[in-house]
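Below are the chains, spelled out letter by letter.
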Amino acid sequence: MAKGFAMLWSMTPLLLIMLLLPNFAFGNHNYGEALSKSFLFYEAQRSGYLPHDQRVQWRGNSGLMDGKASGVNLVGGYYDAGDNVKFGLPMAFTVTMMSWSIIEYGRQMGESGELSNAMDAVKWGTDYLLKAHPEPDVLYGEVGDGNTDHYCWQRPEDMTTSRAAYRIDPSRPGSDLAGETAAAMAAASIVFQNSNPAYAKELLTHAYQLFEFADKYRGKYDSSITVAQKYYRSVSGYADELLWAAAWLYKASNKQYYLNYLGENGDALGGTGWSMTEFGWDVKYAGVQTLAAKFLMQGNAGTHAPVFEKYQEKAEKFMCACLGKGNQNIHKSPGGLIFRQRWNNMQFVTSASFLATVYSDYLASARKTLKCSSGSVSPTELLAFAKSQVDYLLGDNPRATSYMVGYGNNYPRQVHHRGSSIVSVKVDPTFVSCRGGYATWFSRKANDPNLLTGAIVGGPDAYDNFADQRDNYEQTEPATYNNAPLIGVLARLHGGQSEYSQLLPVAIPQPKPDPEQKVTPTSASDIAIEQRETSSWVHKGKTYYRYSAIVTNKSAKTLKNLKLSVSQLYGSLWGLSKYGDSYVFPDSLPAGKRLEFVYIHSSNSPAMVSVSSYTLV
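Residues numbered from 1 in each chain as written. Predicted model: local features only at pLDDT ≥ 70, side-chain atom pairs only at ≥ 80, totals over all residues. Heavy atoms only, no water.

Draft legend 1. Seen up close, helix α1 (residues 31–44). When the terminal C-alpha atoms of α1 are compared, their 20 Å separation across 14 residues agrees well with the 20 Å that a helix rising 1.5 Å per residue should span. Within α1, eleven of the 14 residues are buried, leaving the element largely enclosed by the surrounding structure. Among all positions of α1, only Tyr31, Gly32, Ala34, Leu35, Lys37, Ser38, Phe39, Phe41, Tyr42, Glu43 and Ala44 are buried. Capping the start of α1 is the job of one residue whose side-chain oxygen sits 3.3 Å from the backbone nitrogen of glycine 32: asparagine 30. (Helix = DSSP H or I, 4+ residues; strand = E, 2+ residues; numbered from the N terminus. Expected span 1.5 Å × (residues − 1). Buried < 20%, exposed > 50% of the residue type's maximum accessible area, 1.4 Å probe, protein only. Polar contact = N/O pair within 3.5 Å; in protein donor to acceptor, adjacent residues only side chain to side chain.)

Draft legend 2. Quick peek at the state of the cysteines. Counted by the stated rule, this structure contains two disulfides. With a sulfur-sulfur separation of 2.0 Å, cysteine 152 is cross-linked through a disulfide to cysteine 434. Every disulfide takes its handedness from the sign of the S-S torsion; for cysteine 152 and cysteine 434 that torsion is -85°, giving left-handed. Linking cysteine 152 in the loop between α4 (146–151) and β3 (165–168) with cysteine 434 in the loop between α14 (418–421) and α15 (436–442), this pair joins segments that are 282 residues apart in sequence. Two residues, cysteine 320 and cysteine 372, share a disulfide whose sulfurs are 2.0 Å apart. On the sign convention where negative is left-handed, the bridge of cysteine 320 and cysteine 372, at about -90° about the S-S bond, is left-handed. Residue cysteine 320 is located in helix α11 (residues 305–323), and its partner cysteine 372 is located in strand β4 (residues 370–372); the two are separated by 52 residues in the primary sequence. Each member of the pair, cysteine 320 as well as cysteine 372, is classed as buried. Sequence-ordered numbering of the bonded cysteines in the protein chain gives a pairing of 1-4, 2-3. (Disulfide = S-S within 2.5 Å.)

Shown next as structure tokens:
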């Protein structure tokens, strides 16, 4: 139910209410623990077939027929919040922000042991987004609809509501949806460019296509997918997403075309004109301005430098507004939390904290200060603002309440979330009916039977008040895009004040493999891949390993034209034929049958094998 209809904004200054922050006395927070728990929340939000290494055990498979009625496989992805709808716009924004968090602070995540979980969380989203983009000018933007979904209170494993799929295409455009999805795929391609280059290339190809689609066929997506209007209406329009996508495509590809797009369209599309006091799934301008400022400080703006200086000016006005040191400041609660709206205000807290964090590091790297109307501000002060917001979220507030479920001792226990509020299907498989779920589970005045660890709920009101009640959806409903910006801030705060430059390219370290893991099944709805180490030997002081990979056709049809991506392979391979950047089986694979290929390489962890494409006949 998400969402925050959003966000009216203007260029006129807002009246600032100056509120003083009380002197609360609190202990230090364990940002590493909060970071770890954030990724558990994403596992709880998964739709589709859950993987073998799923850690949130109270969840089961769900949405296994998604897209079938439309002739497309839309199994997978994330439920956005406490309901069972898959909304494309906030899901893509979630992927973009998770990717940006990794791009900036992947090293800190690696040091925390959470980089693999972070990359898995991104890939769960991008795997779905790739399915949702079956043709260059077709993108599926929603599965299910909020009206029928909200009439029912069912766990995802039981849902009987509509799973209709809704799409945009040239006759029904959606530049905001296509632009955000292009941004997500471009940002994610940076995340995977070292560890899975074939996958990164595939993502970037889709990003190129989606940007061209968004720019050529212009229109608001909620005019084409009208069922989204009550939940994720695009109030800001699509101009910001076009700039946002161009910024990420430039960062991912280094192609001059996208830098020129930012330079030539910054004025016409509002990027250099709007002074923002919010950043989120609908309004991307502050994010565009922050990225453009980074490009400028890196010396990449070239002949467009005068335009990029205007982007930077607007980025700095956002930062000053967060600090309360600008001409148009963001309201704060008496306890010091920035406050934008009653419904899920925490989304704006986490996103503003992220922009402040990265901009603080950009300034520090460039040895510059922030220029506000009240005077210069050091990068350290900007980072301190972000830390204050995170600390409030984690419990340093007048109620001493943590707004991350499972963190601290006092956190929400009656979350507005179908899956967590209904007994797990693994504990009691008794079917929960549409309306029966309201009578039996929604109305219970008891704690949730399943702990939605890591979820960040909507949070308190403008006066720091909060009611932990399941029907109080404005305050107790979580959302995937609440956590996505926060994971970067948590990684940064946990990493401390180590010396590094955010203006230099950051190589994302590869996740460390588990040396004990010798069998690695990877399953999808139609295909299962299982790898097993079968032998190892030492030659001239170096150990080599032989792996057997079994590909099983789990569908009821014959599998043809199967293409596999194999990366992180350091040796020879037999049983597959090379085809461009992919590998193909020479024969078709009947239903239920298996084929094997083998390879030898010099790592005691298996290569990365994934399905690129296939057909069923």
